[in-house]
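Chain and residue survey
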Amino acid sequence: MERIEETPVVNESAAKRGSPILLRSYVLAGVLLASGAYFAFSARPAQATKTEDDLEKLAPYSMPAYRYVPSPDDPDQSYKMNQSTYDVLVPYGIVARRFEGANKAFDVVLIASNKKESFHDPRVCFSAQGWNIIQEDRIEIPTKTRGTISASLAQLQHAEMGKGFAVYFYRGPKNFSPTTMGIKLDIFWEQLFGQGNTDGVFYRFIPLYRDATKEDLVTFIGDYMDAANESSGGYF
């Protein structure tokens with residue numbers, strides 16, 4: 001008996017529905033690839049770079065109820081970060097300032113760069129001053145001029161000073177971020193689809209007095225960010 005080959009039954013309506021969807025998917029993927037290539041390789045306006053002197057002029061020298069404490073060697077910094085930090089991060093510059101008030105004092109470090117490679121694990125900055133991060137949590141910093149900033153609260157251990165804590169976060173071209181990955185992604189998307197302004201900032205705050213509370217630090221940071229927004233025209 002002759003064997004009859006069975007012809008598979010095709011649901012024509014399903015095929016007709018699937019074909020346009022598949023076509024649209026290919027078109028969308030092609031548009032995204034073409035757009036990415038265009039923005040990645042097309043000419044961009046040259047980005048203005050900054051120096052550490054520029055950053056010092058932009059960072060606030062004064063705050064309500066606090067006075068800035070300059071070093072004897074440099075009126076624009078309280079101390080100089082060690083050279084190894086500069087070598088590892090290769091930033092525009094680093095501004096380290098201390099502010100003293102009534103029974104309170106805070107250490108502030110700003111690091112700015114236009115390269116995502118400059119924003120490493122924050123342990124680089126902390127370890128430069130002998131601190132080790134032993135735990136991290138997320139907190140919110142309310143400000144009057146920058147909205148609410150999501151930040152990282154780090155529990156610290158120092159061989160000589162014992163336990164302490166600090167707050168750090170980043171500002172990318174578009175957003176604030178509590179993590180290194182957040183600013184790296186922000187810079188990446190700006191490189192891909194933006195106008196080429198990839199400047200970012202790392203912020204680090206440490207209380208320098210006994211029995212400091214998280215609430216004290218959050219209040220200080222909120223006031224500092226408002227002062228920095230004014231002194232820097234929004235850069236810091």
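The following refers to the structure shown.

Let's shift gears to the nonpolar core. In this structure, Phe169, Phe205, Phe220, Ile221, Tyr224 and Phe236 are the most contacted members of the largest nonpolar core, which totals 35 residues. Of all the secondary-structure elements, those providing two or more residues to this core are β2 (66-69), β3 (93-101), β4 (104-113), β5 (131-142), β6 (148-158), β7 (162-171), β9 (200-207) and α6 (214-232). Tallying contributions element by element places α6 first for this core, with 8 residues. Here Phe236 is in contact with Leu55, Leu58, Ala59, Leu110, Arg146, Val201, Tyr203, Met225 and Ala228, once residues within four sequence places are set aside.

This brings us to the layout of surface pockets. Empty pockets left among the atoms are what a rolling probe the size of a water molecule brings to light. In this structure, the largest pocket encloses a volume near 280 Å³. Every residue lining the largest pocket is listed: Trp131, Met161, Lys163, Gly164, Phe165, Ile206, Pro207, Leu208, Tyr209, Arg210, Asp211 and Ala212. Of all the secondary structure elements, the ones that give two or more residues to the lining of the largest pocket are β7 and β9. With 3 residues, the top contributor of residues to the lining of the largest pocket is β7.

On the surface, a cluster of nonpolar side chains totalling about 510 Å² of accessible area is made up of Met181, Leu185, Phe188, Trp189 and Phe193. Tracing the backbone shows Phe188 in helix α5 (residues 180-193).

On to empty space enclosed by the protein. In total, this model carries 1 cavity of 30 Å³ or more according to the counting rule given. The space that makes up the largest cavity amounts to roughly 70 Å³. Every residue along the wall of the largest cavity is listed here: Leu89, Ile111, Ser118, Phe119, His120, Asp121, Pro122, Val124, Cys125, Tyr170 and Phe202.

Attention now moves to unusual backbone geometry. Most peptide bonds adopt trans geometry, and most residues besides glycine take a negative phi value. Its identity is not glycine, yet Val90 carries a phi of approximately 50 degrees, on the positive side. Following the sequence through the fold, Val90 ends up in the loop between α3 (83-89) and β3.

As paired elements, β2 and β3 share 3 bridges and run antiparallel to each other. Looking at β3, one finds that Tyr68 is bridged to Phe99. As judged from the 9 bridges shared by β3 and β4, these two strands associate in the antiparallel manner. Residue Arg97 lies in a different strand from β4, and its bridge partner there is Val108.

With that settled, the discussion passes to α5. For α5, spanning 14 residues, the distance from its first C-alpha to its last is 20 Å, which sits close to the expected 20 Å at 1.5 Å a residue. Among all positions of α5, only Thr180, Ile183, Asp186, Ile187, Glu190 and Leu192 are buried.

All chains considered together, the criterion is met by 22 aromatic pairs. Relative to Phe220, the ring of Phe99 lies with its centre 6.3 Å away and its plane at 55 degrees, an arrangement referred to as tilted. Residue Phe99 is found in strand β3, and its partner Phe220 is found in helix α6; the two are separated by 121 residues along the sequence. For Phe99, a relative accessible area of 0% corresponds to the buried category.

Okay, the side chain of Glu56 next. Its place among the elements puts Glu56 in helix α2 (residues 52-58). There is no salt bridge for the buried Glu56, and the closest opposite charge comes from Lys80, which lies 5.5 Å off by N-O distance. Among the polar contacts made by the side chain of Glu56, one reaches the side chain of Gln77 at a distance of 3.0 Å. With residues near it in sequence (within four places) discarded, Glu56 still touches Tyr61, Asp74, Asp76, Gln77, Val95 and Arg97.

Our focus in this paragraph is α6. Relative to the 27 Å expected for 19 residues at 1.5 Å per residue, α6 spans 26 Å between its end C-alpha atoms, a close match to the ideal helical length. Taken together, the buried positions of α6 are occupied by Leu217, Val218, Phe220, Ile221, Gly222, Tyr224, Met225, Asp226, Ala227, Ala228, Asn229 and Ser232. Residue Gly233 follows α6 closely and has a positive phi angle near 65 degrees.

Going through the model one piece at a time under the given rule, you end up with 8 salt bridges. In this structure, Arg67 engages Glu100 in a salt bridge whose closest nitrogen and oxygen atoms are separated by 3.0 Å. Highlighted residues: Arg67 in strand β2 and Glu100 in strand β3, separated in sequence by 33 residues. In this structure, Lys104 and Asp216 form a salt bridge, with 3.4 Å as the shortest nitrogen-oxygen distance.

Parameters and conventions
- Counting of residues starts from 1 at the beginning of each chain's written sequence and follows it residue by residue.
- Confidence filtering applies because this is a predicted model: local features only for residues at pLDDT of at least 70, side-chain atom pairs given and counted only at 80 or more, and all residues used for totals across whole chains, interfaces and linings.
- Hydrogens and water molecules were not included; the side-chain quantities draw on all heavy atoms of the structure.
- The set of buried Ala, Val, Leu, Ile, Met, Phe, Trp, Tyr and Cys residues whose side-chain atoms join them within 4.5 Å is what this entry labels a nonpolar core.
- For every residue, the accessible area (1.4 Å probe, protein chains only) is compared with the maximum for its type, and the residue is labelled buried under 20%, exposed over 50%, or partly exposed between those bounds.
- Runs of H or I in DSSP of at least four residues are treated as helices and runs of E of at least two as strands, each being numbered from the N terminus.
- Should any heavy atoms of two residues lie within 4.5 Å, those residues are counted as being in contact.
- Points on a 1 Å grid over protein atoms alone make up a cavity when a 1.4 Å probe fits among them but cannot get out, and a pocket when they form an open set with protein on both sides within 12 Å along at least five of seven lines; lining residues each have an atom within 4 Å of a point.
- Grid points are joined across faces, edges and corners, and a volume is the space filled by probe spheres set on the points.
- Put simply, a patch holds well-exposed residues, over 30% relative accessible area, that have no salt bridge, with like charges counted together within 9 Å and Val, Leu, Ile, Met, Phe, Trp or Tyr side chains within 5 Å.
- Surface exposure here means Shrake-Rupley accessible area, sampled with a 1.4 Å probe, where a residue is shielded only by the protein chains that are shown.
- We define a salt bridge as a side-chain nitrogen of Lys or Arg found within 4 Å of a carboxyl oxygen belonging to Asp or Glu.
- One requirement defines pairing of two strands: DSSP has to find at least two bridges between them.
- Helix span is expected to be 1.5 Å times the residue number reduced by one.
- Stacked, tilted and edge-to-face pairs are distinguished by plane angle, under 30 degrees for stacked and over 60 for edge-to-face with tilted covering the rest, among Phe, Tyr and Trp rings (Trp via its six-membered ring) whose centres lie within 6.5 Å.
- His residues and chain termini do not enter the charge count, which takes Lys and Arg as positive and Asp and Glu as negative.
- Polar contacts, as used here, are pairs of N or O atoms within 3.5 Å; protein pairs need one atom able to donate a hydrogen and one able to accept it. Residues neighboring in sequence count only if both atoms are side-chain atoms.

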